[in-house]
Amino acid sequence: MSEVGVLVVGVGRAGMVHARNFAAGVPGAHLVGVSDPNEEARQRAADELGCVAFADFETAVLDERVDAVVIASPTFTHASLAIRALEARKSVLSEKPLASSLEEAAAIAAAVNNSGAVFMIGFMRRFDLGFRRAAQLIEAGDIGEPLLVRSTTRGPGLPPSWAWDVERSGGLVAEVNSHDLDTVRWMTGQEYLTVTAVGRAAKRPDLAEQHPGFVDTLVVQCELDGGALAHIDGACPATYAYDARVEVYGSEGVVFAGSPVEGPLLVRKGQAHRDPVPGWAHLFAAAYRNEDAHFAAACRGEAVPIPGITDGIRALEAAVAINRSLREGRTVVVKELR
Ligand SMILES: NC(=O)c1ccc[n+]([C@@H]2O[C@H](COP(=O)([O-])OP(=O)(O)OC[C@H]3O[C@@H](n4cnc5c(N)ncnc54)[C@H](O)[C@@H]3O)[C@@H](O)[C@H]2O)c1
């Protein structure tokens, strides 16, 4: 393959990050077009980026200029779009979470196997230099055996309204904490055994009235299969900043990555100041560029497509188990979902 021709499906918040990356120049790839049922969104994106605006996904995915598809549409559309792209033998980078249900996830996995095409899941923290360095230090044995992980994500605002519906989108757990669910597995090399969750609609009880099971504040305790424990928490709208952090405590030391503040520290007249991180697209801009470059390299056979389908499934299993734990008020053994 000379250059990978990319189609971005869904040009909302996440889709525009990927589309702008591919339009600006990802090595070995170029943006062919965008597809979105919202005419205004797709035309605005195509005008800005100088690419084709496909009204119809089926036409777009069969277009011979398209080799690879980036799926950044609402979660409940991921499975049908990914399966259709894989049937057409196109490589797929799907935004997290993998799907709305484990049944959909299994259908995507079957399509990945049948097609032999490249599949990656969009856990871009794996391409962030700080998070990656922490994982490398753990891998090198610098903290000894990982014993306890604390992973936090708080968004300054609420996600789009479609994500408030727990049934269709997985709610806060899948929308905000999917990254933590992946980070814990990635940093420890261990899988989830049990999860025990409590949540509240602390800031937006009105949304819980409209969407049963909606929570905006969440704590999860996890037991992992190698003996480690994990604590995951999530909240939005946090308002103060975008806040993504992980701490891994081991038998020989501890490693920290992430912060809600960035840039230089200013101290004057008895006050200290650093800028808050404004949002995920800002904090992880370089990680998204690295992720898109890695996907392009994988499509060209020059890199391994990791994180892949299994990473997507394992994180989704944990998310489904956490939502069950919230609903039923009990510890859930993750294996009972399989
Ligand atoms: N990696 C991350 O940190 C990150 C951040 C934000 C969102 N996401 C994920 O990206 C996905 C999109 O989230 P968002 O916040 O960008 O949503 P959004 O609502 O901002 O945008 C979604 C876009 O998809 C379009 N769309 C709706 N149905 C479609 C369909 N059937 N086919 C194609 N396009 C369709 C909508 O018109 C809209 O333009 C979600 O799965 C979300 O979890 C990931």
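From a predicted model like this one, the values you see are computed outputs, not experimental measurements.

Draft legend 1. Expanded view of the overall build of the chain. Helix and strand counts for the chain come out as 13 helices and 15 strands. Expressed as lengths along the three principal axes of its C-alpha atoms, the size of the chain is roughly 55 × 55 × 45 Å. Burial status across the chain gives 50% buried among its 338 residues. By sequence separation, contacts in the chain at least 24 residues apart represent 71% of the contacts at least 6 residues apart.

Draft legend 2. Representation of the domain arrangement of the chain. Looking at the chain, the domain boundaries give domain 1 (4-124 + 285-306) and domain 2 (126-282 + 315-337). Inter-centroid distance (C-alpha atoms) of domain 1 to domain 2 is 25 Å. Contacts between domain 1 and domain 2 engage 20 residues on the former and 20 residues on the latter. Of all the secondary structure elements, the ones that give two or more residues to the side of domain 1 that touches domain 2 are helix H1 (13-25), helix H5 (102-115) and helix H12 (285-299). Per-element tally for the side of domain 1 that touches domain 2: the top contributor is H12, with 5 residues. Grouping the amino acids of the side of domain 1 that touches domain 2 by side-chain chemistry returns 12 nonpolar, 5 polar and 3 charged.

Draft legend 3. Representation of the sheet that holds strand S6 (residues 119-122) within the structure. An order of S3-S2-S1-S4-S5-S6 is seen for the 6 strands of this open sheet, with the pairing classed as parallel. Strands at the two margins of the open sheet, each flanked by one partner only, are strand S3 (52-54) and S6. Strand-to-strand twist of the sheet, defined as the mean angle between neighbouring strand axes without regard to direction, takes the value 25°. Looking at chain direction, strand S4 (residues 68-71) and strand S5 (residues 91-95) are connected through 4 bridges and run parallel. If you follow alanine 68 over to S5, its bridge partner there is serine 91. The sheet strands contacting helix H4 (residues 78-87) are strand S1 (4-9), S4 and S5, and the helix crosses S5 at an angle near 170°. Along the sheet face, H12 touches S1, strand S2 (29-35), S4, S5 and S6 and points at about 175° away from the line of S6.

Draft legend 4. Representation of the sheet that holds strand S8 (residues 192-200) within the structure. In space, the 7 strands of this open sheet follow the order S12-S11-S7-S10-S9-S8-S15, with mixed pairing throughout. This sheet does not close on itself; its edge strands, each paired only once, are strand S12 (254-257) and strand S15 (332-333). Alignment of S8 against strand S9 (residues 217-224), held across 8 bridges, turns out to be antiparallel. Residue valine 195 lies in a different strand from S9, and its bridge partner there is cysteine 222.

Draft legend 5. Expanded view of the nonpolar core. With 108 residues, the main nonpolar core has Val6, Val8, Val69, Ala82, Ile108 and Val195 as its most contacted residues. Ranked by residue count, the leading element in this core is helix H13 (residues 309-328), at 9 residues. Taken domain by domain, this core gets at least three of its residues from each of domain 1 (4-124 + 285-306) and domain 2 (126-282 + 315-337). When near neighbours in sequence (up to four residues on either side) are disregarded, valine 195 contacts Val220, Cys222, Ala318, Ala321, Ile322, Ser325, Val332 and Val334.

Draft legend 6. Main features of unusual backbone geometry. The omega torsion across cysteine 236 and proline 237 is 0°, close enough to zero to call that bond cis. Assignment of secondary structure puts proline 237 in the loop between strand S10 (229-235) and strand S11 (243-250). With a phi angle near 70°, threonine 239 is a residue other than glycine that sits in the positive phi range. The residue threonine 239 is located in the loop between S10 and S11 in this model.

Draft legend 7. Representation of the site of the ligand in the model. The ligand sits among 25 residues. The nearest are Gly10, Gly12, Ala14, Ser73 and Glu95. With 3 residues, H1 is the largest single contributor of residues to the shell around the ligand. Here the residues of the shell around the ligand sort into 11 nonpolar, 9 polar and 5 charged. Counting contributing residues per domain, the shell around the ligand is built from domain 1 (4-124 + 285-306) and domain 2 (126-282 + 315-337), each supplying no fewer than three.

The rules behind the values
- Residues numbered from 1 in each chain as written.
- Predicted model: local features only at pLDDT ≥ 70, side-chain atom pairs only at ≥ 80, totals over all residues.
- Helix = DSSP H or I, 4+ residues; strand = E, 2+ residues; numbered from the N terminus.
- Buried ≥ 20, exposed ≤ 12 C-beta atoms within 10 Å, placed from the backbone.
- Contact = placed C-beta atoms within 7 Å.
- Domains from an automatic or database assignment.
- Nonpolar A, V, L, I, M, F, W, Y, C, P; charged D, E, K, R; others polar.
- Pairing = 2+ DSSP bridges.
- Axes fitted to C-alpha atoms, helices over the stretch in contact; angles between N-to-C directions.
- Core = buried A, V, L, I, M, F, W, Y, C linked by C-beta atoms within 7 Å.
- Near = placed C-beta within 6 Å.

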